[in-house]
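Chain by chain, the residues run as shown.
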Amino acid sequence: MTKNSFAQKINDARLMSAGIRAHSEELAGVSLTAAAADSIDAVAQEMQQMDTEQEKLKSQLKELTEQLNTKAADLVKQMNDAKKRVKLALNQAKWKEFGISDKK
């Protein structure tokens, strides 16, 4: 069994509600009425809005992740530079105060 996407589920729901409305007289005997079609449409609409919001959030997350990776690279660069300068300026006994555990 294949997993349907949200878009496919929404489309299937709209087809179902349209079918219910088109055959309302024939389906009245099984209590499938326009109210059921309205309910299906309402859920499909909510789902469409939620899916749109989710896609927007995914995009924002991707942008934020790129910014975070850029900042992390900048931090590593600055830390490496600072580490080199500390090692040049101070003797090895004081390196631990800066979080440097290098032997050389």
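Notes on the structure follow.

The rules behind each value
- Residues numbered from 1 in each chain as written.
- Predicted model: local features only at pLDDT ≥ 70, side-chain atom pairs only at ≥ 80, totals over all residues.
- Heavy atoms only, no water.
- Helix = DSSP H or I, 4+ residues; strand = E, 2+ residues; numbered from the N terminus.
- Buried < 20%, exposed > 50% of the residue type's maximum accessible area, 1.4 Å probe, protein only.
- Contact = heavy atoms within 4.5 Å.
- Areas by Shrake-Rupley, 256 points an atom, 1.4 Å probe, with all protein chains shown as cover.
- Lys, Arg positive; Asp, Glu negative; His and termini not counted.
- Charge placed at Lys NZ, Arg CZ, Asp CG, Glu CD.
- Axes fitted to C-alpha atoms, helices over the stretch in contact; angles between N-to-C directions.
- Parallel < 35°, antiparallel > 145°, perpendicular 65-115°, else oblique.
- Left-handed = near helix turned anticlockwise from the far one by under 90°.
- Nonpolar A, V, L, I, M, F, W, Y, C, P; charged D, E, K, R; others polar.
- Salt bridge = Lys/Arg side-chain N within 4 Å of Asp/Glu carboxyl O.
- Expected span 1.5 Å × (residues − 1).

This part covers the overall build of the chain. Across its full length, the chain holds three helices and zero strands. Reading the chain from its N end, one meets helices and strands in the order α-α-α. Its C-alpha atoms give the chain principal-axis dimensions of roughly 90 × 25 × 20 Å. The 104 residues of the chain split such that 10% are buried. Restricting to contacts in the chain with at least 6 residues of sequence separation, those with at least 24 account for 32%. Total accessible area on the chain is roughly 8,800 Å²; 58% of this is exposed by carbon and sulfur atoms. Of the charged side chains in the chain, 17 are positive and 15 negative, and the gap between their average positions amounts to 21 Å.

Right, let's talk about the packing of helix α1 (residues 6-22) against helix α3 (residues 34-89) for a bit. What describes two packed helices is the angle between their axes and the distance between those same axes. With their axes 9 Å apart at the nearest point, α1 and α3 run at an angle of 160° to one another. As far as their axial angle goes, α3 and α1 are roughly antiparallel. Handedness of the crossing formed by α1 with α3: left-handed. Along the contact surface, α1 presents F6, K9, I10, A13, R14, M16, S17, I20 and R21, while α3 presents A34, A37, D38, I40, D41, A44, Q45, M47, Q48, D51 and Q54. Looking at the contact of α1 with α3 residue by residue, the classes come out as ten nonpolar, four polar and six charged.

Next up on the list: the pattern of salt bridges. Tallying each qualifying case throughout the model produces six salt bridges. Between D38 and R21 there is a salt bridge, with its nearest N and O atoms 2.3 Å apart. Taken together, the residues D38 in helix α3 and R21 in helix α1 connect sequence positions 17 residues apart. Judged by its relative accessible area of 36%, R21 is partly exposed. Residue D102 is joined to K83 by a salt bridge in which the shortest nitrogen-to-oxygen separation is 3.0 Å. Highlighted residues: D102 in the segment after α3 and K83 in helix α3, separated in sequence by 19 residues. Residue class for D102 comes out partly exposed when judged on its relative accessible area of 27%. On the basis of relative accessibility, which here comes to 30%, the residue K83 falls in the partly exposed class. Members of the salt-bridge network, linked through shared partners, are R21, D38 and D41.

The next subject is unusual backbone geometry. Even without glycine at this site, S31 takes up a positive phi of about 60°. In this structure, S31 sits in the loop between α2 (24-27) and α3. Owing to a relative accessible area of 61%, S31 belongs among the exposed residues under this scheme.

A word on α3. The terminal C-alpha atoms of α3 lie 81 Å apart, and with 56 residues this matches the ideal 82 Å at 1.5 Å per residue to within 8%. Within α3, the full set of buried residues consists of A37, A44, D51 and V86. On its buried face, α3 sits against α1.

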